[in-house]
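Structural characterization, general
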Amino acid sequence: LFVFKVEAQLAAEIEKINIFGFVPARMAASRFPGKPLQPILGRPMVEHCVERAKLYPNWDYLALTTCDEEIRQFGISKDYNVVMTSDSHTRALDRVAEAMKVCRKPIKDSDVILCVQGDEPLLGPDLIKMIVDPLIGDNSVNGTILAVPILDEETFLNPDTVKLVHNINFDVLYTSRSPIPYTKNFSEELGALRVGGIFGFKWSFLKWFTNQSESPLEVTESCDSNRIYDGGFTQRAVIMPYRKYFSVDSPGDLQRVEEALLSDKFSQQY
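Residues numbered from 1 in each chain as written. Predicted model: local features only at pLDDT ≥ 70, side-chain atom pairs only at ≥ 80, totals over all residues. Heavy atoms only, no water.

**Structural notes on the packing of aromatic side chains**
Under the definition given, this model contains nine aromatic pairs. Both rings, one in tyrosine 56 and one in tryptophan 59, keep their centres 5.2 Å apart while their planes meet at 75°; by these two values the pair is edge-to-face. The pair formed by tyrosine 56 and tryptophan 59 is uniform in burial state, with each residue classed as buried. Ring centres of phenylalanine 74 and tyrosine 80 lie 6.4 Å apart, and the angle between their planes is 75°; on these two criteria the pair is classed as edge-to-face. This pair shows no difference in class: phenylalanine 74 is buried, exactly as tyrosine 80 is. One aromatic cluster is present, built from ring pairs that chain together Phe201, Phe205, Trp208, Phe209 and Phe233. (Phe/Tyr/Trp six-rings, centres within 6.5 Å; stacked < 30°, edge-to-face > 60°. Buried < 20%, exposed > 50% of the residue type's maximum accessible area, 1.4 Å probe, protein only.)

Listed below in structure tokens is the structure:
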């Protein structure tokens, strides 16, 4: 009986899916250089991202990943795990894949890797859970992506905002900086969605992704998820319930993020 219990315990440990998270950030962002360390309510933007990610309780490992010494020094000052990566990456997912390889953590193909973008200061642990759950509960899902409802035409038309469309099974077909799906007259009923900056992968799938060259549609649209669709694969769109949720793409986004944080429930927890 004792041997049976030990074997069962070992089998459970082998089958356990570990969850790794990385917050990629770099100073040379093309549309807003230096934005990771831009202050929001007196704290650097990337601090909000890491602290809010830390509120998710099921991490096996969470780290800030960067190629910049300024960001590394900041992470060390906050006692974060920090993983340094190459400065040659132009896509966040490539940086995350390298970070997983160099952080020297044991990993299985079935383990889950999350990219929690360093310019999403309104992310929450509930959204991270939404991204993780399908990867653990559905063997057919290899990748997930946060989809945020678009309720105003300005966001819909903004080329800094990456939009997505999905099929009836919620598998993403395409991401674009153009306003998709096409419409003559925008309305909330269109159901337009934008990419929310939290991505999940099984490690086997992220390894496949990073072993591919940048794809034609990825380069044209400047959207790394299109590398997946160009390769004949997809991600599951996870649609968040609407709330104030803004990414930081330009200096003009900082004020509305600050205003949203003042009434945000998670901002009181860190």
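From this point, things continue past the structure.
**Description of unusual backbone geometry**
Here the bond from isoleucine 180 into proline 181 is cis, since omega is -5°, no more than 30 degrees from zero. Mapped onto the elements, proline 181 comes out in the loop between β9 (172–176) and β10 (193–202). A positive phi angle, near 65°, is found at aspartate 79, a position not held by glycine. Within the secondary structure layout, aspartate 79 lies in the loop between α3 (69–77) and β5 (82–84). In this model, phenylalanine 170 sits at a positive phi of 70°, which is unusual for a non-glycine residue. Checked against the element boundaries, phenylalanine 170 lands in the loop between β8 (163–166) and β9. (Helix = DSSP H or I, 4+ residues; strand = E, 2+ residues; numbered from the N terminus.)

**Brief notes about helix α4 (residues 92–102)**
For α4, a buried count of eight out of eleven residues is recorded, marking the element as mostly surrounded by other parts of the structure. For α4, every residue scored as buried is listed here: Ala92, Leu93, Asp94, Arg95, Val96, Ala97, Ala99 and Met100. Within two residues after α4, arginine 104 carries a phi angle of roughly 65°, on the positive side.

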